[in-house]
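A look at the structure
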Amino acid sequence: MPEQKHRAPTAQNDGQPRGDAPAGDDRTGTTAEEIAASFHGHLTRTVGRPLERSSVIDQYHALSFTVRDSLMDQWLETIETYRQEDVRVLGYLSAEYLLGPHLPNDLLNLDLTPETEQAMKSVGFDLESIAAEEPEPGLGNGGLGRLAACFLDSLSTLDVPVIGYGLRYEFGIFRQEIVDGWQVETSDKWLQFGNPWEIQASMSLVVGLFGHTETYTDDQGAVRHRWVPGYKVKGIPFDTPIPGYKTRTVNRLRLWKSEAVDSFDLGVFNSGDYAGAVRSKMESETISKVLYPPDEKVEGKRLRLTQQFFFTSCSLQDMVRIHLSLGKPLEEFDRKWTVQLNDTHPSIGIAELMRLLMDEHEMGWDDAWRVTQTSFGYTNHTLLPEALERWPLDLFGNLLPRHLEIIFEINQRFLDDMRRRYPNDDARMRRMSIIGEDGERTVQMAHLAVVGSKAVNGVAELHTQLLEETTLSDYYEAFPERFSNKTNGVTPRRWLMLSNPELTGLINEAIGTDWHKDLYGLKLLEPYARDTEFLNRWRKTQEGSKGRLAAYIKEMMSIDVDPTSMFDVQVKRLHEYKRQHLNALHILSLYCQIKSGAVKDLTPRTFLFGGKAAPSYTMAKLIIKLICQIGALVNSDPQVNHLLKVIFLPNYSVSLGQRIYPAADLSEQISTAGFEASGTGCMKFMMNGAVTLGTLDGANIEIRKEVGEENFFLFGLTAPEISDLRHAGYNPRGYYEKSPLLREALDGLRDGRFSNGDRGLFAPLVNDLLNSDRYLVLADFDAYVAAQLEAGKAYSDPSRWGPMSLLNTARSGKFSSDRTIRQYCEDIWELPVGKR
Ligand SMILES: *Cc1c(COP(=O)(O)O)cnc(C)c1O
């Protein structure tokens, strides 16, 4: 596709001040005085406000430009080094990046926090209040998007060359409000006041859609194919600098915005059709307008496929463009680039790279396939069959006719190959085909991703094992060497150092700071598990974090919670497989037992919940209502509320997570075994000294192995037990009849005891649990209650809890995303990891 050059100096939104800064200052000084001077310069000359009359948003913009100045020198230096050394580069393709606020994180990574605090104080402002003005870039739904963000931090910290590619959604993940206990969604206008962290690059690319394909004979007499798109859109790149922690490496996140190729049709306008003149602009801009929430079912949504193709095509064209600008032949594309697919969302890239190489750059099939297949790696994130992407063939062929032809040919060659290996095995061929033939014919994106990649990985040991044994077993049998596990991780910079400075200070004092870049260094804390004086300080520090969260809850929700009570926390997306309702049923049973007098002395607990439900996911929204209903019941009952408090914190996000994880005592990781691919929230809790209460699922298994079984509260059926139970015929009513606690809670829900007599309200939930209970909530209930009792007892004995908490932090080294990234670099990407 042709590339259009035009000049566009700095990233800004309409009507916003330009990022061009005044000349003549040293704008990248690192002393408090220099930072204050640069801030003042930006406030007056970039933002255009006098200091005395500036708003906090003005100050936030001025300070962000100040910090960005410091990043820019290193950014240019990084790009120049990569070019001169002709390094191999990772192209990380992800439909989601759940970044969280940049300002405090970039200050931490630049090691400029104390100087900046001082600088702001010197002009009469407070850094924390200024930072609170940053709208969180919520370009992701949950764990998958947050993983991409943690990976970028680790890649820069480890000096690995990467371009993160994705979509610049104008509206990110919705804001969640709770009205009368129900979730209400409002749109996230994160760009409305401009985004000082992005820089619009001065070029654009064109992406085709729809149309038809043609065959023609080229000058050499060879028969070739081409796509004649019916519609074209322009992709505009916006770059965000991603600094590593205490290194000069600043990588880039390149997000694409869609625009009309010709945004305003003057001819149409002059003819009097004013609406028609802007229609094409509106249709084109729809592509990068809004982030899709994950529905319970992936529906055949054309806009979603368009988004995926749009950003993937832009990104691959960009890599090809850079490659050619370095004077390299495309036969060597796979030596320069390694391309990682974060789930199947960008897997259309396999067909798109084939098309670019063959149709646009005249490569033959065999060479193009070798280059493509050795360039891509695919990370699988789910085993849920309803979440695996499948596109109806007619929708796909209508939008991307040339890609469908290419996929048919990939499939035919692949199946021919398999037929030679497994003769007379039609059932296997049907199972392995990229084209699904059960019912409606579909393109199965996970199959395309496996066939077109050199490497396939799951995200925790159990998940990879289940992928190999179930979802992708035929492929594992055919090419076992392609499969490996890469257990997820999280960046300790944001999730420990930034969110929990007090605990970080205490750890630094005890064992120094080497752990900041090598989290296994936290092992040095282990001896302190026997040091009572240190354990007292550990507990005090945690109570400080709990006190701050309590103050936040008081301010936001006007509810008092006791910072010395046990903070029992479940924050994550709302989903039945994550079983927030199991947690809720346990609270209900405690409530009933307190009311009946069966329980008198209980370890006082504050139950905290947070998480968004997909807007169309009715059951998840009902579970939010249930939690809020229990909160209303419990928090106002003087017979109960000195022992229990139940809080649903609205709008769970990265910034809210940064307040919550440090304040947790107990980490609830209670998904049905076999359903949580990895989980990463569990790792953030562990690093901050929370003890896990969980099932043998996802990364919990590895957490338990690292921390020791005595420092983990285990309960519930295992993945094989669940599959056996299912095969034997699971009957939830049997569990209901056997467990008095469960009966009282479910009967109460059905009879309206907890909902002012409203019998209909929770009926859908109770009926589902009694009649189907796909996620085995009832089967695990009694075991969960027993584990909770044990956890409560342990918490009430500080000599028992203290060492457990400290050892969770001390043994969390494995769960740094630095470790994960090293493994990808060594086993899949063939990228050297930089200096340590
Ligand atoms: C870590 C994180 C998640 C993932 O949490 P899980 O418990 O692994 O599901 C989701 N959302 C946000 C905002 C996070 O920070």
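Residues numbered from 1 in each chain as written. Predicted model: local features only at pLDDT ≥ 70, side-chain atom pairs only at ≥ 80, totals over all residues. Heavy atoms only, no water.

Tallying secondary structure elements over the chain gives 33 helices and 26 strands in all. Relative to the 2.2 N^0.38 estimate, which gives 28 Å for 836 residues, the radius of gyration of the chain is 28 Å and therefore close to what a compact globule would have. Its C-alpha atoms put the chain at 90 × 75 × 60 Å along the principal axes. Relative to its 836 residues, the chain shows a buried fraction of 62%. About 31500 Å² of surface is accessible on the chain, with carbon and sulfur atoms providing 50% of the total. Looking at the chain, you have 92 positive and 115 negative side-chain charges, and the mean spots of the two groups are 1 Å apart. (Helix = DSSP H or I, 4+ residues; strand = E, 2+ residues; numbered from the N terminus. Rg over C-alpha atoms; globule rule 2.2 N^0.38 Å. Buried < 20%, exposed > 50% of the residue type's maximum accessible area, 1.4 Å probe, protein only. Areas by Shrake-Rupley, 256 points an atom, 1.4 Å probe, with all protein chains shown as cover. Lys, Arg positive; Asp, Glu negative; His and termini not counted. Charge placed at Lys NZ, Arg CZ, Asp CG, Glu CD.)

Below, the discussion takes up empty space enclosed by the protein. Over the atoms, a rolling probe the size of a water molecule traces out where space has been left empty. Per the stated rule, a full pass over the model turns up eight cavities of 30 Å³ or more. Counted as a void, the second largest cavity has a volume near 140 Å³. Looking at the second largest cavity, it is lined by 13 residues, and the ones nearest its centre are Asn-105, Ala-149, Asp-153, Ile-242 and Arg-494. Of all the secondary structure elements, the ones that give two or more residues to the lining of the second largest cavity are helix H3 (103-110), helix H6 (143-157) and strand E12 (231-243). Of the residues forming the lining of the second largest cavity, the biggest block, four residues, is contributed by H6. A class-by-class count of the residues in the lining of the second largest cavity yields six nonpolar, three polar and four charged. (1 Å grid on protein atoms, 1.4 Å probe; cavity = no way out; pocket = protein on both sides within 12 Å on 5 of 7 lines; lining within 4 Å. Points joined across faces, edges and corners; volume = space filled by probe spheres on them. Nonpolar A, V, L, I, M, F, W, Y, C, P; charged D, E, K, R; others polar.)

A separate point is the sheet that holds strand E26 (residues 713-714). Reading across from one edge, E23-E22-E21-E24-E25-E26 is the order of the six strands in this open sheet, with parallel pairing throughout. Two strands in the sheet have a free side with no partner beyond their single neighbour: strand E23 (644-649) and E26. Two strands pair when backbone bridges link them, and strand E22 (residues 605-610) and E23 are joined in this way by six bridges, in the parallel orientation. Note on E23: the bridge partner recorded for Leu-608 is Ile-647. Packing against the sheet, helix H21 (residues 532-557) makes contact with strand E21 (566-571), E22 and E23, and its axis sits at approximately 70° to E23. Strands E21, strand E24 (666-669), strand E25 (691-694) and E26 of the sheet are contacted by helix H32 (residues 798-810), whose axis makes an angle of about 90° with E25. (Pairing = 2+ DSSP bridges. Contact = heavy atoms within 4.5 Å. Axes fitted to C-alpha atoms, helices over the stretch in contact; angles between N-to-C directions.)

Right, let's get into the site of the ligand. Looking at the ligand, there are 15 residues lining it, with Lys-572, Lys-578, Thr-680, Gly-681 and Lys-684 nearest. Between an oxygen atom of the ligand and a main-chain N or O atom of Gly-681, the distance comes to 2.9 Å. Interatomic distance of 2.6 Å between a side-chain N/O atom of Lys-684 and an oxygen atom of the ligand. In isolation the ligand exposes 390 Å². Once the protein is present, 96% of that is buried. Taken together, the residues that form the shell around the ligand break down as six nonpolar, six polar and three charged. (Near = heavy atom within 4 Å. Polar contact = N/O pair within 3.5 Å; in protein donor to acceptor, adjacent residues only side chain to side chain.)

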